[in-house]
Amino acid sequence: TYPISVTGWSAALDRPRFDDRRRRGPTSAPVRPWTSVLSPGLKFRFELYFSGNPTGTVEASVASRIPATGRESARGLGDTVELRASASTSGVLGMFATVEDEMSSFVDARSGASVFATNIVRRSGLMTPYKLRVTKTSFEGRGFARVVDQKDERRRQVATRLPERTLDPLSLIAWVRSLQLEPNERAVAHTLDIRTLLRVDIVSRGRTPPSTLPSLATALGIEKGDLELLEGTMTRVNRFGEPVKGKEPYTFRAWVSADSRRIPVIMETNIWVGTLRLILAGYDPPRESAGVSVDPSER
């Protein structure tokens, strides 16, 4: 169905007489563009609870939009959006270990595809397998990523194949915020947690209220009936999409406001040692919606 461009031996090589039996990656479609929820200035603060006990704080924000330079534009690259997050432990967990986690992520401003991510973890206390861990992940497109993971003095670099548009953990949370699903409608994405590939399955349960509503949600004009429940599982898989044997999936739930702000009010996940729960404690709207002028470079 296409014109012959090669002849002779080259033509024979162009049409081999054997079946290609190489295993391919998962056939799931890449996530749809979702960056409409990424407005510079947007910031959330959460109180972190572990098994019902106050444990620490978490902050996440949309830092800025970075225009592509002339060289990047010539390579076909577009603007990027920088996401930032930080977390620190205290309370009960602080008796055993103090953990400070800083994350940054750069995603394509049009598609939301992850471009580069950094995760810096500092630990101190009794239960500290390492003091400093720095992980840098470069998503090089077409399902390929390079990971440099350094624990104290030990450094490891790996290259891995991934499903197309695999998200880093920080942009995954932002992607979940962006989902506007009908009840029982599902969405699928993949995320790379350091060197672990996870398939994330999300299903909407419609407007389902939580047992209690944070006081800040009420102050923001959010009622129980205004919250959409998103349930999900995170399954460890290999690059062919097959679940890894012996690894139980994680489960999580998120209550997100059904209005255009898509505010995550409560998020919780079950891990092997208990339940982590994040409750909204602070919210800064995007600069434009707050009546603050935005620098042209961040538009």
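Residues numbered from 1 in each chain as written. Predicted model: local features only at pLDDT ≥ 70, side-chain atom pairs only at ≥ 80, totals over all residues. Heavy atoms only, no water.

Trainee: What is the right way to look at the overall build of the protein in this model?
Mentor: For the protein, the count of helices and strands is five helices and 14 strands. Looking at the 299 residues of the protein, the share that counts as buried comes to 36%. Accessible surface, the protein as shown: approximately 17500 Å² in total, 52% of it carbon and sulfur. (Helix = DSSP H or I, 4+ residues; strand = E, 2+ residues; numbered from the N terminus. Buried < 20%, exposed > 50% of the residue type's maximum accessible area, 1.4 Å probe, protein only. Areas by Shrake-Rupley, 256 points an atom, 1.4 Å probe, with all protein chains shown as cover.)

Trainee: Help me understand the nonpolar core in this model?
Mentor: Trp34, Leu38, Trp175 and Ile202 are the most contacted members of the largest nonpolar core, which has 44 residues in total. It is helix H4 (residues 169-178) that provides the largest number of residues to this core, a total of five residues. Once you skip the residues sitting within four places of it in the chain, tryptophan 175 turns out to touch Val31, Trp34, Leu167, Ala187, Val188, Ala189 and Ile202. In terms of nonpolar packing, the next biggest core, distinct from the first, is built from eight residues, Phe139, Leu162, Leu192 and Leu197 among them. (Core = buried A, V, L, I, M, F, W, Y, C linked by side-chain atoms within 4.5 Å. Contact = heavy atoms within 4.5 Å.)

Trainee: Would you take a moment to explain the packing of aromatic side chains for this structure?
Mentor: What describes a pair of aromatic rings is the distance from one ring centre to the other and the angle between the planes of the rings. A full pass over the atoms with the stated rule returns two aromatic pairs. Three or more aromatic residues joined by ring pairs form one cluster here, namely Phe44, Phe46 and Tyr283. Over the ring of tyrosine 130 we find arginine 123, and its NZ or CZ is 5.3 Å from the ring centre. (Phe/Tyr/Trp six-rings, centres within 6.5 Å; stacked < 30°, edge-to-face > 60°. Lys NZ or Arg CZ within 6 Å of the ring centre and 35° of its normal.)

Trainee: Can you walk me through unusual backbone geometry in this structure?
Mentor: The bulk of non-glycine residues show a negative phi, and the bulk of peptide bonds are trans. Of note, aspartate 152 is a non-glycine position whose phi angle comes to about 50°, a positive value. By the element assignment, aspartate 152 lies in the loop between strand E7 (144-151) and strand E8 (154-161). Positive phi, normally seen in glycine, also occurs at arginine 262, with a value near 50°. For arginine 262, a relative accessible area of 2% corresponds to the buried category.

Trainee: I keep staring at the pattern of salt bridges and nothing clicks. Help me out?
Mentor: A side chain of one charge can pair with a side chain of the opposite charge if their charged atoms are brought near each other. Considering all chains together, one arrives at 15 salt bridges under this definition. Its salt-bridge partner being glutamate 47, residue arginine 45 comes within 3.0 Å of it at the nearest N-O pair. In this structure arginine 45 comes out as partly exposed when scored by relative accessible area, which is 30%. Between arginine 84 and glutamate 82 there is a salt bridge, with the nearest N and O atoms lying 2.9 Å from each other. (Salt bridge = Lys/Arg side-chain N within 4 Å of Asp/Glu carboxyl O.)

Trainee: How do you make sense of the side chain of threonine 166 when you look at a structure like this?
Mentor: Here threonine 166 shows up in the loop between E8 and H4. Here the side chain of threonine 166 touches proline 163 through a polar contact of 2.6 Å, landing on its backbone oxygen. (Polar contact = N/O pair within 3.5 Å; in protein donor to acceptor, adjacent residues only side chain to side chain.)

Trainee: Is there a simple way to explain H4 in this structure?
Mentor: Side chains that are three or four residues apart share a direction in an α-helix, a result of its 3.6 residues per turn. Burial within H4 is extensive, with eight of its ten residues counted as buried. If you check which residues of H4 are buried, you get Leu170, Ser171, Leu172, Ala174, Trp175, Val176, Arg177 and Ser178. Backbone nitrogen of leucine 170 and a side-chain oxygen of the N-cap are separated by 3.1 Å at the start of H4; the cap is aspartate 168.

Trainee: Honestly, the pairing of strand E5 (residues 114-125) in this entry has me stumped. Any pointers?
Mentor: Sheet faces and side chains relate simply in a regular strand, where the side chains alternate between the two faces. Sheet topology places strand E4 (residues 97-108) next to E5; eleven bridges connect them, and they run antiparallel. Paired with valine 99 across the two strands is arginine 123, which belongs to E5. Pairing of E5 with strand E6 (residues 132-139), which is carried by seven bridges, proceeds in the antiparallel orientation. If you follow phenylalanine 116 over to E6, its bridge partner there is serine 138. (Pairing = 2+ DSSP bridges.)

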